[in-house]
Amino acid sequence: MVFKYCYSNNLFFTLIQVYYISRHISLIMRSLKIYFFFFCLSFSVYGQSSYSYYSSSEKETVFYDSFLNNNKYWSTSSSERSSGNIISGKYYWKSNTSSVATTDKTISISTAKDFEIEGKFLVLESKKKTVLHSLVWGGLGNKRYYFGYTQNGDFRISYYDGTSYTALKDWTNSTSIYSSSYNKLTVRKVRSKMYFFINEKLVHTMPFKTFFGNKIGFQAASSSELKIDYLRVSYVKKSYNNTTITSNGDAFFKEDFYSNSRNWSSRNDSYVSNGYYYLKGTSESTHTSRKYIDIDTSKDFEIKGRFMRLSGGKTSNLQSLIWGAGSTKKNYFGFTADGSYRISYYDGSKYYAHKDWTKNSAVSKYGYNEMKIRKVKSRMYFYINGTFVHSMPFKSFYGNYFGFQASTATKLKIDYLYVSYLAKSKTDYSAFATKDKEYIFEDQFSNNNNSWSTGTSGKTYGRVSNGTYLWKSYQEKSSWTSHKNIYIDQKRDFEIEARMKYVSGKKTSGIMLKWGSDSSENYNIEFNGNGKYWIGSYVDGEYIASKSWTASSYINKETYNKLTVRKIGKKYYFFINEKYLHAMDYRAFFGDKVGFTTPPQSSIEIDYLKINYLDKNNKKKKEDVIVYNNPPEIKITEPGVIADRGFKIVKVKSIKVAGFANDKDGIAKVTVNNQRATLYTDGSFDRYVDLINGDNKITITATDTKGKSSTKSITLNYNTPKIVKNVVTEKKQRRLALVIGNSNYAYASKLRNPVNDANAMKTKLEGLGFTVLKFVNGDQNTIKRAIDEFGKQLKNYDIGLFFYAGHGVQVNGSNYLVPTDAKIESEDEVEYDCVKADRVLSKMKSAGTKTNLVVLDACRNNPFERSWSRSASGNGLAFMNAPRGSLIAYATAPGNTASDGLGKNGTYTGALLKEMDKENITILEMFQNVRAQVIKVSKGKQTPWESTSLTGNFFFKKTQ
């Protein structure tokens, strides 16, 4: 009966249906929300795990080295364990033993930010294809992380914590690994995740692991050699909270309040004074002060004001930057003194929130806050003290009034108000309009007035007709270039643009736009018929990629492509068909040639070539344009020659050629006998030259950034030394000394006298005919570089002397000099943070000097004990056998410690300085006298020691 009634009651039945339908809809909507959440999450993860998710413009370089020189001071010394060399933009790093060899740099990086570490290298030599060659990072001492690959196609990610290795990703085979070519390894940290790429292919993800330290570099496996192309460390960013869009530097409204010429409100005890505007709210109401600023909101712009709550009012009251305000309606971006901010607007009757009250640590509760608003395209971005806090769609202004508002009973101190238009990103092709450009060169090929290569030569064919230039290579293996000398002032920003296409040939071969070229070296961008591009340089017969072959949908495979190269500041920016591709560091030109290269058995067609400056507003006056390009000046400092004759007789088979090349346009390169010399930033250069018997003509050529060259020649006569019975007298000996004194240790006890000892020893040795290289308070890098340079120069000397005063330790029978920056937390870190004393002996042996002296006034206590004072007890230095022709002198016997001394010099060095002045006593007699003095002064606690294998007598001072 009830059922029949319910069924017949249409209203009740309808309500039941509505209830069940609404419940199903609710379930469906909840499912859609969950699905949408996971869709967004998966899209986000996919984006971050895609190598291309971050473009070059979204990376801020922290460290970059492409090894065109060694101004970053990578290890280039040779030892029993490892050897390194930098040649033509490549770093060769080799393990000479069955142990791995690591080379790294300390690169400070904030791991709180998102970052990327990328290295590119190939295995040049390896006895086994199963050993791991690695990019290493996060290192401290011998603790570090590894991301490496084998030639068999496996990779591994692991770390060593000082005691054992742990796999983060165990051995895994990957088709992304090239067995016989370069491999690019990338470690990217995004938020709490790390992403690992091999040749831009994702191979692994994992949670972020805290670094041990800041050392980053490479590791060669046992008995292997790496050829390293580059190392780059960058921060990465993906939103406008770290946008690269910046103010163009010209604020069209700038108020610093040095006067009140704009008549800011002065009611309620408000006033302008000494560069500040003091704005005060009444006890009952707020106080707004604003100015009309004509701003074009169709452009991107920036508004920023800096102010603080000086006194009064409640800490919860809002102090605001006013923007886009009309007569009554206005927008607010403000902060409270209790650490919150709010973005809101008033429509004339009521307040509404764009972003409601939000606590943020960026807000300064007691000091100044800089409130900044940026409009970029269709969105607005808000910052507090440089920290991004919010974004929203652009909201049309009520009007063009801008200023500040002090809340009730509050006094503000306002520093400034600036309004600027934003410069477009350097990666935006449209950032430079035609009106911004200044003509340098243009050829539309309506004729051949610029004399491009034309006609048939048997190897090439060229033709200018119908507004295009056809350029062809007939050769099976040779590419051919057609170019012009076009002077570009490299101090200015410029643009090179060409429109070109394939006509015939292999689609896998690239057609090239080249610039900054001389006859053999150049920079270039190229593309092929398969839709790929390549960017880099050609140096010393080798192509060096800044961007290796990469596919791009921007490339037209069948028709013309517009290639654009822009130099802006210290960067090159590359575009194809007005789409951004890549950025690389700017480097000085090799020469002034600009042109095109066609690959073997191919032909290309060029529509036009245009070259313009991008800084028209900074155009130089005609009389300021350099008309004459004087060649570089060359000064030779080594070897010294007879000035008038440019001739010298030498007795060594290998000699260092060094000097300075100066030119106001900058030096691009220096060669010695057509071999590239190492060129340093101050214009100095050097290169070692092997000599043959007889006259050797050495020609130094310096080339400036405009391609202008000059040469200077010297002649060296080398004769194989004759064996003579009489020893060369001391007066004719060439003597070189390296003196190091370390006192100011960062993580160990400071020492009183080593710097004094070094200074006194330098003066003493120079008086005894030595050329002295002196270093004090040297870190590890400085000491290694000093020893290496000492070894190079020692080849031209007869006598070598090394003096060291400072902390010293022994570990497992080996002696180490302790740099001032060494922070040794465990014994196994000594090898990595200190400098092995054997390094000096190795350099002396390689130099071939007749007599070598090593004097170690080093602290021999154990640095792992509590005390680091030189008088502390410890194990001392280990005994070292002196190689033939050498003497090693210790401040005290093996296993004992030396005294720092109570005077201005150490006990040992003080005695040594006195005895070195005595005439006509052999060095062995001199050290006997030193020993007697030290034993007496120390009351028998310190006994100096020597190890010697000298084959003849040596005198510091001998009368004839």
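Before reading on, note that the structure itself is shown above.
Given the structure is predicted, the values throughout are model-derived calculations rather than measurements.

Trainee: In this structure, what is going on with the overall build of the protein chain? I would like to understand it.
Mentor: Regarding its fold elements, the protein chain presents eight helices and 60 strands. When the accessible area of the protein chain is evaluated, it comes to approximately 45,700 Å², of which 48% is carbon and sulfur surface.

Trainee: What is the right way to read unusual backbone geometry from this model?
Mentor: The general pattern is negative phi for most residues beyond glycine and trans for most peptide bonds. Of note in this structure, phenylalanine 67 is not a glycine but carries a positive phi near 60 degrees. Mapped onto the fold, phenylalanine 67 is located in the loop between β1 (59-65) and β2 (82-87). Non-glycine residue asparagine 777 carries a positive phi angle of around 50 degrees. Inspection of the secondary structure puts asparagine 777 in the loop between β54 (770-776) and α4 (780-794). Residue asparagine 777 is classed as partly exposed on the basis of its relative accessible area, which comes to 27%.

Trainee: I would appreciate a short explanation of the nonpolar core in the present structure.
Mentor: If you look at soluble globular proteins, the nonpolar side chains tend to sit buried side by side. Counting 41 residues, the largest nonpolar core has Ile496, Met500, Leu513, Trp515, Ile525, Phe596 and Leu609 as its most contacted members. Beyond its immediate sequence surroundings of up to four residues, isoleucine 496 is in contact with Ile488, Leu513, Trp515, Leu563, Thr564, Val565, Val594, Leu609, Lys610 and Ile611.

Trainee: Please explain the sheet that holds strand β4 (residues 101-106) as it appears in this structure.
Mentor: Where strands meet in a sheet, backbone hydrogen bonds hold them as pairs that are either parallel or antiparallel. Pairing is antiparallel in the open sheet, where six strands are placed in the order β4-β13-β6-β7-β8-β9. With partners counted over all chains shown, the strands left at the sheet margins are β4 and β9 (165-173), one partner each. Across the sheet, the axes of successive neighbouring strands diverge by a mean angle of 15 degrees, strand direction being ignored. Summarising the sheet, strand β8 (residues 154-160) and β9 pair through six bridges and their orientation is antiparallel. Looking at β9, one finds that tyrosine 159 is bridged to threonine 166.

Trainee: Got a minute to help me understand the pattern of salt bridges in this structure?
Mentor: Side-chain pairs of opposite charge can arise where the charged atoms are in close proximity. What the rule picks out here adds up to 39 salt bridges. Note that aspartate 615 is salt-bridged to arginine 492, the shortest N-O span being 3.1 Å. Linking aspartate 615 in the loop between β43 (603-613) and β44 (633-638) with arginine 492 in the loop between β33 (480-485) and β34 (494-504), this pair joins segments that are 123 residues apart in sequence. Of the residues examined, arginine 492 reaches a relative accessible area of 7% and is grouped as buried.

Trainee: Would you take a moment to explain the packing of helix α7 (residues 907-915) against helix α8 (residues 923-937) for this structure?
Mentor: Between α7 and α8, whose axes approach to 9 Å, the crossing angle comes to 140 degrees. The pairing of α7 with α8 is recorded here as oblique in orientation. For α7 against α8, the interelement crossing comes out right-handed. Across the interface between the two elements, Thr907, Tyr908, Ala911, Leu912, Lys914 and Glu915 from α7 touch Met926, Phe927, Asn929, Val930, Gln933, Val934 and Val937 from α8. Looking at side-chain class alone, the contact of α7 with α8 contains eight nonpolar, three polar and two charged residues.

Trainee: Where do I start with the sheet that holds strand β50 (residues 684-690) in this structure?
Mentor: In space, the four strands of this open sheet follow the order β44-β46-β50-β49, with antiparallel pairing throughout. In this open sheet, the two edge strands, each paired with only one partner strand, are β44 and β49 (678-679). The sheet contact formed by β49 and β50 spans two bridges and is antiparallel. Paired with leucine 679 across the strands is phenylalanine 685, a residue of β50.

Trainee: In this structure, what is going on with the packing of aromatic side chains? I would like to understand it.
Mentor: How two aromatic rings sit relative to each other is set out by the distance from centre to centre and by the angle between their planes. Applying the stated criterion across every chain yields a total of 60 aromatic pairs. Here the aromatic rings of tyrosine 381 and phenylalanine 388 are separated by 6.3 Å at their centres, their planes lie at 45 degrees, and the arrangement is tilted. Grouping aromatic residues by their ring pairs yields a cluster made of Phe494, Trp515, Tyr523, Tyr572, Phe574, Tyr586, Phe589 and Phe590. Positioned above the aromatic ring of tyrosine 182, the side-chain terminus of lysine 120 is 5.6 Å from the ring centre. The aromatic ring of phenylalanine 208 is capped on one face by lysine 189, whose charged end is 5.6 Å from the ring centroid.

Trainee: Which parts of the structure should I look at to understand α8?
Mentor: For an α-helix, 3.6 residues make a turn, and residues three or four places apart therefore share a direction. Taking 1.5 Å of rise per residue, 15 residues should cover 21 Å, and α8 covers 21 Å from first to last C-alpha, within 8% of that figure. Inspection of α8 places Ile923, Met926, Phe927, Val930 and Val934 among the buried residues, and these make up the whole buried set. Around the axis of α8, the buried residues are gathered within 95 degrees of arc, so they sit on the same side. Backbone geometry just downstream of α8 places lysine 939 in the positive-phi region, at approximately 55 degrees.

Trainee: How should α7 be read in this particular structure?
Mentor: Counting buried positions along α7 yields eight of nine residues, so the element is predominantly enclosed. For α7, every residue scored as buried is listed here: Thr907, Tyr908, Thr909, Gly910, Ala911, Leu912, Leu913 and Glu915.

Trainee: Hey, could you run me through the packing of α4 against helix α6 (residues 838-847) in this one?
Mentor: Helix packing geometry: the angle between the two helix axes and the distance between the axes. Between α4 and α6, the shortest axis-to-axis distance is 8 Å and the interhelical angle comes to 15 degrees. Accordingly, the angle class assigned to the pair α4 and α6 is roughly parallel. Judged by the sense of rotation from one axis to the other, the crossing of α4 with α6 is right-handed. Seen from α4, the contacting residues are Lys784, Ile787, Asp788, Phe790, Gly791 and Leu794; seen from α6, they are Arg839, Val840, Lys843, Met844 and Ala847. Broken down by class, the residue content of the contact of α4 with α6 amounts to six nonpolar, one polar and four charged.

Trainee: How should I be thinking about the environment of leucine 738 in this particular structure?
Mentor: With respect to the element layout, leucine 738 can be found in strand β53 (residues 735-741). For leucine 738, a relative accessible area of 0% translates into the label buried. When the C-alpha positions of leucine 738 and threonine 771 are compared, they lie 8.7 Å apart, and in sequence the two are 33 residues distant. Residues in contact with leucine 738, not counting those within four places in the same chain, are Leu773, Phe775, Ala786, Ile787, Phe790, Leu801, Phe802 and Phe803.

Trainee: I keep staring at the side chain of asparagine 561 and nothing clicks. Help me out?
Mentor: Here asparagine 561 is to be found in strand β39 (residues 561-568). Of the polar contacts made by the side chain of asparagine 561, one reaches the side chain of asparagine 577; its length is 2.8 Å. With near-sequence residues (within four places) excluded, asparagine 561 lies in contact with Ala498, Arg499, Met500, Phe527, Tyr554, Ile555, Asn556, Ile576 and Asn577.

Trainee: Any chance you could explain the environment of alanine 668 here in plain terms?
Mentor: Relative to the helices and strands, alanine 668 resides in strand β47 (residues 667-672). Take alanine 668: its relative accessible area is 16%, and that puts it in the buried class. Once residues within four sequence positions are removed from consideration, alanine 668 is found in contact with Phe589, Arg676, Leu679, Thr703, Asp704 and Thr705.

Trainee: So what exactly am I meant to see when it comes to the pairing of β39 here?
Mentor: One face of the sheet, then the other: side chains in a regular strand alternate in exactly this way. Judged by how many residues are buried, β39 sits mostly within the fold: eight of eight residues are covered. The alternating pattern of β39 places Asn561, Leu563, Val565 and Lys567 on one face and Lys562, Thr564, Arg566 and Ile568 on the opposite face, and all of these are buried. Relative to β39, β34 runs antiparallel, the two sharing seven bridges. Paired with alanine 498 across the bridge in β39 is leucine 563. Taken together, the six bridges between β39 and strand β40 (residues 571-576) define a ladder with antiparallel strand orientation. Across the sheet, residue arginine 566 finds its bridge partner in β40, namely tyrosine 573. In sequence, β39 turns back onto β40 through a hairpin of two residues, with glycine 569 there showing a positive phi of about 65 degrees.

Trainee: Is there a simple way to think about the pairing of strand β7 (residues 143-149) in this case?
Mentor: When you tally the buried positions in β7, you get seven out of seven residues, the bulk of the element. The two faces of β7 match: Lys143, Tyr145, Phe147 and Tyr149 on one face and Arg144, Tyr146 and Gly148 on the other face are all buried. Alignment of strand β6 (residues 133-140) against β7, held across six bridges, turns out to be antiparallel. Residue leucine 140 lies in a different strand from β7, and its bridge partner there is lysine 143. The turn linking β6 back onto β7 is made up of two residues, and glycine 141 within it adopts a positive phi angle of 60 degrees. Pairing between β7 and β8: six bridges, direction antiparallel. When the bridges of β8 are listed, phenylalanine 147 appears paired with isoleucine 157. Here β7 folds back onto β8, and the loop between the two strands holds four residues, one of which, glycine 153, carries a positive phi near 95 degrees.

Trainee: Is there a simple way to explain the side chain of serine 158 in this structure?
Mentor: Topologically, serine 158 is positioned in strand β8. With a relative accessible area of 2%, serine 158 lands in the buried category. A polar side-chain atom of serine 158 sits 3.4 Å from a polar atom in the side chain of arginine 156. Among residues more than four places away in sequence, those in contact with serine 158 are Arg144, Tyr145, Tyr146, Thr166, Ala167 and Leu168.

Reading the values: rules and limits
Residues numbered from 1 in each chain as written. Predicted model: local features only at pLDDT ≥ 70, side-chain atom pairs only at ≥ 80, totals over all residues. Heavy atoms only, no water. Helix = DSSP H or I, 4+ residues; strand = E, 2+ residues; numbered from the N terminus. Areas by Shrake-Rupley, 256 points an atom, 1.4 Å probe, with all protein chains shown as cover. Buried < 20%, exposed > 50% of the residue type's maximum accessible area, 1.4 Å probe, protein only. Core = buried A, V, L, I, M, F, W, Y, C linked by side-chain atoms within 4.5 Å. Contact = heavy atoms within 4.5 Å. Pairing = 2+ DSSP bridges. Axes fitted to C-alpha atoms, helices over the stretch in contact; angles between N-to-C directions. Salt bridge = Lys/Arg side-chain N within 4 Å of Asp/Glu carboxyl O. Parallel < 35°, antiparallel > 145°, perpendicular 65-115°, else oblique. Left-handed = near helix turned anticlockwise from the far one by under 90°. Nonpolar A, V, L, I, M, F, W, Y, C, P; charged D, E, K, R; others polar. Phe/Tyr/Trp six-rings, centres within 6.5 Å; stacked < 30°, edge-to-face > 60°. Lys NZ or Arg CZ within 6 Å of the ring centre and 35° of its normal. Expected span 1.5 Å × (residues − 1). Arc of directions from axis to C-beta. Polar contact = N/O pair within 3.5 Å; in protein donor to acceptor, adjacent residues only side chain to side chain.

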